[in-house]
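Listed here are the chains, written in short residue letters.
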Amino acid sequence: MVLSKTASESDVSIHSTFASRYVRNSLPRFRMPENSIPKDAAYQIINDELMLDGNPRLNLASFVTTWMEPECDKLIMDAVNKNYVDMDEYPVTTELQNRCVNMIAHLFNAPLKESEAAVGVGTVGSSEAIMLAGLAFKRKWQNKRKAEGKPFDKPNIVTGANVQVCWEKFARYFEVELKEVKLREGYYVMDPVKAVELVDENTICVAAILGSTLNGEFEDVKLLNDLLVEKNKQTGWDTPIHVDAASGGFIAPFLYPELEWDFRLPLVKSINVSGHKYGLVYAGIGWIIWRSKEDLPEELIFHINYLGTDQPTFTLNFSKGSSQVIAQYYQLIRLGYEGYRNVMENCHENAMVLKEGLEKTGRFNIVSKDEGVPLVAFSLKDSRRHDEFEISEMLRRFGWIVPAYTMPADAQHITVLRVVIREDFSRTLAERLVLDIQKVLHELDTLPARVNAKLSAVENGKNGTVIKKTEMEKQREITDFWKKYVMERKSNRNKIC
Amino acid sequence: MPEESMPKEAAYQVINDELMLDGNPRLNLASFVTTWMEPECDKLIMAAINKNYVDMDEYPVTTELQNRCVNMIAHLFHAPIGDNETAIGVGTVGSSEAIMLAGLAFKRKWQHRQKSQGKPFDKPNIVTGANVQVCWEKFARYFEVELKEVKLREGYYVMDPEKAVEMVDENTICVAAILGSTLTGEFEDVKRLNELLTKKNEETGWDTPIHVDAASGGFIAPFLYPDLEWDFRLPLVKSINVSGHKYGLVYAGVGWVIWRNKEDLPEELVFHINYLGSDQPTFTLNFSKGSSQIIAQYYQFIRLGFKGYKNIIGNCMENARVLREGLEKTGRFDILSKEVGVPLVAFALKDSTKYTVFQIADNLRRFGWIIPAYTMAPDAQHIAVLRIVIREDFSRALAERLISHVEEVLKEMDTLAAKTAETTATVDAAQRGKPAKKSEREIQEEVTQYWKRFVDRRRTGVC
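Criteria and thresholds
Residues numbered from 1 in each chain as written. Chains lettered and ligands numbered in written order. Predicted model: local features only at pLDDT ≥ 70, side-chain atom pairs only at ≥ 80, totals over all residues. Heavy atoms only, no water. UniProt positions renumbered as here; feature names shortened; annotations may be inferred. Helix = DSSP H or I, 4+ residues; strand = E, 2+ residues; numbered from the N terminus. Rg over C-alpha atoms; globule rule 2.2 N^0.38 Å. Buried < 20%, exposed > 50% of the residue type's maximum accessible area, 1.4 Å probe, protein only. Contact = heavy atoms within 4.5 Å. Areas by Shrake-Rupley, 256 points an atom, 1.4 Å probe, with all protein chains shown as cover. Lys, Arg positive; Asp, Glu negative; His and termini not counted. Charge placed at Lys NZ, Arg CZ, Asp CG, Glu CD. Pairing = 2+ DSSP bridges. Axes fitted to C-alpha atoms, helices over the stretch in contact; angles between N-to-C directions. Salt bridge = Lys/Arg side-chain N within 4 Å of Asp/Glu carboxyl O. Patch = residues over 30% accessible without salt bridge, like charges linked within 9 Å, V, L, I, M, F, W, Y side chains within 5 Å. Buried area = accessible area lost by both parts, 1.4 Å probe. Core = buried A, V, L, I, M, F, W, Y, C linked by side-chain atoms within 4.5 Å. Domains from an automatic or database assignment. pLDDT = per-residue confidence, 0-100.

- Chain B is annotated in an unreviewed UniProt entry as Glutamate decarboxylase from Rubroshorea leprosula.
- UniProt lists a comment for chain B under the heading Cofactor (unreviewed entry), and it reads "pyridoxal 5'-phosphate".
- Under the UniProt heading Catalytic activity (unreviewed entry), the entry covering chain B gives this text: "L-glutamate + H(+) = 4-aminobutanoate + CO2".

- As recorded in an unreviewed UniProt entry, chain A goes by Glutamate decarboxylase and comes from Rubroshorea leprosula.
- Entered under Catalytic activity (unreviewed entry) in the UniProt record, the comment concerning chain A runs "L-glutamate + H(+) = 4-aminobutanoate + CO2".
- Quoted verbatim from the Cofactor (unreviewed entry) field of the UniProt record, the comment on chain A reads "pyridoxal 5'-phosphate".

Take a look at the structure:
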């Protein structure tokens with residue numbers, strides 16, 4: 001969506017650095033310029049403006065990969081002009097995608113025979129993957145209901161309130177009701193017991209998250225499976241499970257291979273994972289794997305006569321670049337099982353270093369668990385004087401992007417800061433971050449709290465003196481009040497990603 | 001997955017070598033999608049490869065570049081925006097996503113209207129031509145909208161506006177016109193559609209809108225045919241999509257959808273995310289994705305400007321003309337594409353009894369050319385064509401070389417066909433008087449030929 005604010009007139013010009021040398025006219029901002037400019041000028045202008053973007057590697061808010069080996073960068077650049085969907089023209093690229101799907105399916109213990117091809121597809125990200133999975137569940141459920149002669153106009157899906165925004169998108173765009181299991185203080189993931197209670201005959205599936213966005217925790221998919229099997233026996237509704245393993249899908253198999261969360265559980269019918277998170281590829285790739293052919297209704301698959309050959313496809317996007325698929329394959333064969341395990345172990349180690357450093361300050365509660373996605377979510381023990389949002393703002397000065405946000409319902413009073421440990425976040429950086437956080441705390445301690453001033457004013461009043469607030473103080477009080485009000489409202493629409 | 005790691009040089013080499021067997025993107029004459037960009041742009045692309053586009057708070061300049069592109073494209077399409085208004089639109093991964101978003105907006109708006117009038121809203125439909133690209137069928141199937149297709153006929157390979165308007169009923173969420181049909185590159189007559197639909201709307205009061213799928217044509221018409229009224233100048237056009245990666249001259253992975261104004265995009269579809277601390281309205285299907293193509297699109301806009309695009313597309317049309325004339329000169333082809341439209345040449349054999357266009361396509365592959373052959377959509381399935389798309393990087397030299405290769409292939413197939421006829425005649429002569437006894441092999445060959453032609457005819461749905 002376009003959020004740019006226009007200046008007072010149209011065609012506000014950007015003053016080009018090279019206006020005197022290359023171009024006579026300045027570049028317009030809202031209309032296409034009339035004339036061409038030399039390519040060096042175009043490159044320079046854009047490059048210079050982009051210097052003001054943040055540094056991707058210091059963005060500790062994002063799970064998405066920000067560094068790959070130069071060899072892989074080379075492969076990426078070579079493939080940038082290949083339109084992935086031209087399967088007939090680029091059969092090897094298509095084959096690489098199929099190999100990735102098979103490898104990931106095996107990683108998730110899909111019940112495949114020796115040389116059986118897995119059912120799955122590469123997508124642009126977990127959002128597309130989740131929409132495809134949801135579509136498959138919806139269609140399967142509708143077919144079942146039609147066959148039973150029952151109404152099929154009110155499908156719903158059961159998830160935790162901690163779901164990422166793409167589930168809400170799916171629900172809204174594909175007209176499925178979202179039934180959310182509320183969180184509570186101390187329990188920030190979906191409670192399997194409550195989830196199963198919410199299941200009714202219109203539930204198309206229950207979605208569990210492996211690696212909650214908010215605190216990196218793995219939901220107990222096994223318990224959910226066991227409870228749901230019980231309920232299915234009683235009701236006969238056959239409600240399936242989908243596991244949103246966007247972050248956790250490339251962590252659990254390497255760090256916690258004994259944890260049963262994938263196709264080893266019989267009710268799990270599809271799993272999505274983001275290649276661009278712990279799959280260690282740049283932004284733009286996700287994967288969705290189905291348990292078996294039966295879980296993907298044939299009518300959703302399109303058979304295209306693409307450039308002469310029959311090609312079955314089930315994706316929302318059509319033309320897209322091939323680079324990320326090739327990069328994913330590169331990572332899978334370059335690192336192999338042992339390589340991924342080493343990377344994940346390092347991330348986990350650094351997360352522990354960070355966690356201990358924060359605990360040592362004595363000012364924070366650690367909200368994230370040790371087992372889960374390598375991230376550290378922490379909140380202030382005492383946030384009466386300053387809150388986590390202020391810490392986040394001040395850390396920006398050092399270059400760190402550390403987001404602060406409130407938990408979703410019903411734990412909105414808890415605010416946390418979250419640091420994601422990616423592959424390229426070394427131990428030195430972790431130690432430096434701890435130092436910078438300590439610096440910030442020192443600074444904040446010296447600053448008068450806005451709340452404190454109010455309290456003392458009230459106290460003075462209580463001692464009998466008449467409080468006469470100046471206009472400025474009144475303005476400040478009101479402004480502070482509204483600021484907190486707006487912040488709360490913003491956080492209530494909390495859709496941190 | 002292999003158990004152990006391998007050195008990065010080895011991984012690179014193994015994959016690089018295997019990819020040598022992929023086709024050469026620049027010889028792929030089947031695709032509209034851009035296959036070449038300037039090295040300066042490649043540099044920008046590589047520098048932005050690790051930027052997750054959706055981190056709007058972290059990368060405000062990249063977000064601003066997207067907004068500028070949206071504004072520029074909206075103005076290109078004559079969106080009725082005032083001086084202080086920002087355009088309503090968004091960058092997508094391609095026209096498929098763009099069309100799904102546009103369709104969603106139409107569907108939701110129509111549902112509201114029906115609900116407020118107390119009418120049923122469970123059977124929405126959309127009217128298009130049978131020549132639509134597959135993403136419309138995807139939209140229809142995934143979002144549970146009925147697709148009402150206006151059939152083609154021989155000699156008329158786009159949607160007939162009159163027939164389209166006839167098909168409109170009160171459950172129609174919109175009529176989709178294509179600017180630059182996939183099959184022949186023709187521009188549909190959106191102005192006529194607008195006129196007929198306005199009249200029908202006056203009679204029925206249904207207020208049916210139009211969407212223009214300008215995936216290919218959106219970056220051609222404004223430069224070559226500025227007087228052609230197909231965009232927001234027509235009052236019923238409420239949204240337009242265009243592919244940045246076709247004649248927007250960017251690599252695969254970027255499309256744009258523009259709405260006429262705020263009212264055409266129901267607010268409930270827009271998500272307000274608290275992303276890393278700031279409020280960000282978004283309406284896309286995809287979330288995380290790369291930033292490179294957006295930056296590349298902006299690069300092209302300011303690098304080329306209006307004149308640059310006009311020159312490039314003009315060159316494409318020139319080369320298309322050269323190719324078309326060369327093919328006409330052989331005297332063996334009917335040209336189905338029009339001169340006004342997307343720069344491509346679609347042609348059919350005048351006489352396909354001896355061999356088909358599918359065989360010609362197969363033979364041209366030997367020279368390295370990828371040229372698709374396909375049958376038209378119903379009801380013109382008996383017409384089979386070859387289609388060559390002229391992109392920016394298809395020079396005149398290549399056009400002339402292609403013509404000479406086509407001539408060579410024709411000569412080869414003529415001799416082959418003649419030889420087969422001779423053999424058949426000899427056999428017939430030898431068999432006159434004897435009872436016809438076909439060997440097993442001959443029967444097999446006949447049956448195979450029959451089925452091959454049958455399958456060839458069944459092929460349709462090119463992209």
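After presenting the structure, the write-up continues.
1. Points about the overall build of chain B
Then comes step 1: Looking only at helices and strands, one finds 12 helices and 13 strands in chain B.
Then comes step 2: In terms of C-alpha radius of gyration, chain B reaches 25 Å, essentially the compact-globule figure of 23 Å for 463 residues.
Then comes step 3: The principal-axis extent of the C-alpha atoms belonging to chain B is close to 90 × 65 × 50 Å.
Then comes step 4: Looking at the 463 residues of chain B, the share that counts as buried comes to 60%.
Then comes step 5: Put simply, of all contacts in chain B between residues at least 6 apart along the chain, 71% involve residues at least 24 apart.
Then comes step 6: A total of about 18100 Å² of accessible surface is found on chain B, and carbon and sulfur atoms cover 52% of it.
Then comes step 7: The distance from the centre of the 56 positive side-chain charges to the centre of the 65 negative ones in chain B is 4 Å.

2. So, the overall build of chain A
Then comes step 1: When helices and strands are counted, chain A shows 13 helices and 15 strands.
Then comes step 2: Per-residue burial over chain A gives 59% buried out of 497 residues.
Then comes step 3: Taken as a whole, chain A presents about 20800 Å² of accessible surface, with 51% of it coming from carbon and sulfur.

3. As for the sheet that holds strand 3 (residues 119-123) of chain A
All names here are of chain A.
Then comes step 1: Ordered by their spatial adjacency, seven strands build an open sheet running 3-9-8-7-6-4-5, and the pairing between neighbours is mixed. Of all strands in the sheet, those with a lone pairing partner are strand 3 and strand 5 (177-181), marking the two edges. Strand-to-strand, the axes of this sheet are offset by a mean angle of 20 degrees, without reference to chain direction.
Then comes step 2: With four bridges joining them, strand 7 (residues 241-244) and strand 8 (residues 268-274) adopt parallel strand pairing. Along strand 8, the bridge assignment pairs Ile241 with Val268.
Then comes step 3: Most of the contacts of helix 3 (residues 91-107) go to strand 9 (residues 286-290), to which it runs at about 60 degrees, and overall it touches strand 3, strand 8 and strand 9.
Then comes step 4: Where helix 5 (residues 165-173) meets the sheet, it contacts strand 4 (156-160), strand 5, strand 6 (203-209) and strand 7, and its direction lies at approximately 145 degrees from that of strand 5.

4. Observations concerning the UniProt feature "modified residue: N6-(pyridoxal phosphate)lysine" (unreviewed entry) in chain B
All names here are of chain B.
Then comes step 1: What UniProt calls "modified residue: N6-(pyridoxal phosphate)lysine" (unreviewed entry) maps, in this numbering, to Lys246.
Then comes step 2: Mapping Lys246 onto the fold places it in the loop between strand 6 (237-243) and strand 7 (255-259).
Then comes step 3: Among the residues examined, Lys246 registers a relative accessible area of 13% and is labelled buried.
Then comes step 4: Aside from chain neighbours lying at most four places away, what touches Lys246 is Phe32, Val33, Thr34, Ala215 and Ser216.

5. Some remarks on the pattern of salt bridges
Residues and elements named next belong to chain A.
Then comes step 1: Evaluated as defined, the whole model comprises 50 salt bridges over all chains.
Then comes step 2: Its salt-bridge partner being Glu299, residue Arg139 comes within 3.5 Å of it at the nearest N-O pair. One end of the pair, Arg139, is in helix 4 (residues 126-148); the other, Glu299, is in the loop between strand 9 and strand 10 (302-306), with 160 residues separating them in the sequence.
Then comes step 3: On the accessibility criterion, Glu299 (34% relative accessible area) is partly exposed.
Then comes step 4: One salt bridge connects Asp445 with Arg363, and the closest N-O pair in it is separated by 2.9 Å.

6. Some remarks on a negative patch on the surface
Then comes step 1: A cluster of acidic side chains, namely Asp220(A), Asp226(A), Glu258(A) and Glu260(A), defines a negative patch on the protein surface.
Then comes step 2: Positionally, Glu260(A) belongs in the loop between helix 8 (252-255) and strand 8.

7. Quick look at the interface of chain A and chain B
Then comes step 1: On the side of chain B, 127 residues touch chain A, which itself brings 125 residues to the contact.
Then comes step 2: Between chain A and chain B lies a buried interface of about 11400 Å² when both sides are counted; carbon and sulfur atoms form 58% of it.
Then comes step 3: On inspection of chain A and its partner chain B, the count reaches 10 salt bridges.
Then comes step 4: The salt bridge partner of Asp22(B) is Lys82(A), with a shortest N-O separation of 3.0 Å.

8. A few points about the nonpolar core
Then comes step 1: Core analysis: the biggest nonpolar cluster contains 116 residues, and Phe108(A), Val243(A), Phe250(A), Trp261(A), Ile391(A) and Ile15(B) have the highest contact counts within it.
Then comes step 2: Residue contributions to this core peak at 18 residues, all from helix 9 (residues 323-361) of chain A.
Then comes step 3: Split by domain, this core shows at least three residues from each of two domains, domain 1 (73-332) and domain 2 (357-446) of chain A.
Then comes step 4: Those residues in contact with Val243(A), other than ones at most four positions away along the chain, are Ala208(A), Leu210(A), Val221(A), Trp261(A), Val268(A), Ser270(A), Ile271(A) and Asn272(A).
Then comes step 5: Core analysis: the second largest hydrophobic core is formed by 81 residues, Ala41(A), Leu76(B), Val237(B) and Tyr309(B) among them.

9. Considerations on the domain arrangement of chain A
All names here are of chain A.
Then comes step 1: Domains assigned within chain A are domain 1 (73-332), domain 2 (357-446) and domain 3 (453-494).
Then comes step 2: Computed over C-alpha atoms, the centres of domain 1 and domain 2 are 31 Å apart.
Then comes step 3: Of the residues lining the interface, 21 residues belong to domain 1; the matching set on domain 2 comes to 22 residues.
Then comes step 4: It is Tyr188, Leu214 and Tyr278 in domain 1 that bury the most area against domain 2; as a group they hold 30% of the surface buried on that side.

10. What to know about the environment of Gln234(A)
Residue and element names in this part refer to chain A.
Then comes step 1: Turning to its location among the elements, Gln234 is positioned in helix 7 (residues 221-235).
Then comes step 2: Judged by relative accessible area, Gln234 falls into the exposed class, the value being 66%.
Then comes step 3: Linking Gln234 and Glu116, residues 118 residues apart in sequence, is a C-alpha distance of 34 Å.

11. Describing the sheet that holds strand 11 (residues 344-349) of chain B
Residues and elements named next belong to chain B.
Then comes step 1: Taken together, the four strands give an open sheet; going across it, the order is 10-11-13-12, and neighbouring strands pair in antiparallel fashion. Pairing within the sheet leaves two strands with one partner each, and these edge strands are strand 10 (333-335) and strand 12 (373-375). The mean angle between the axes of side-by-side strands here comes to 35 degrees, regardless of whether they run parallel or antiparallel.
Then comes step 2: Note that strand 11 and strand 13 (residues 384-389) share four bridges and pair antiparallel. Bridging from a neighbouring strand, Phe347 pairs with Leu386 of strand 13.
Then comes step 3: Against the sheet, helix 10 (residues 357-365) touches strand 10, strand 11, strand 12 and strand 13, its axis set at about 35 degrees to strand 13.

12. Some details on the confidence of the model for chain B
Then comes step 1: When pLDDT is averaged across chain B, the result is 88; 93% of the residues are at 70 or more.
Then comes step 2: The ipTM value of the predicted complex is 0.85, and its pTM value is 0.86.

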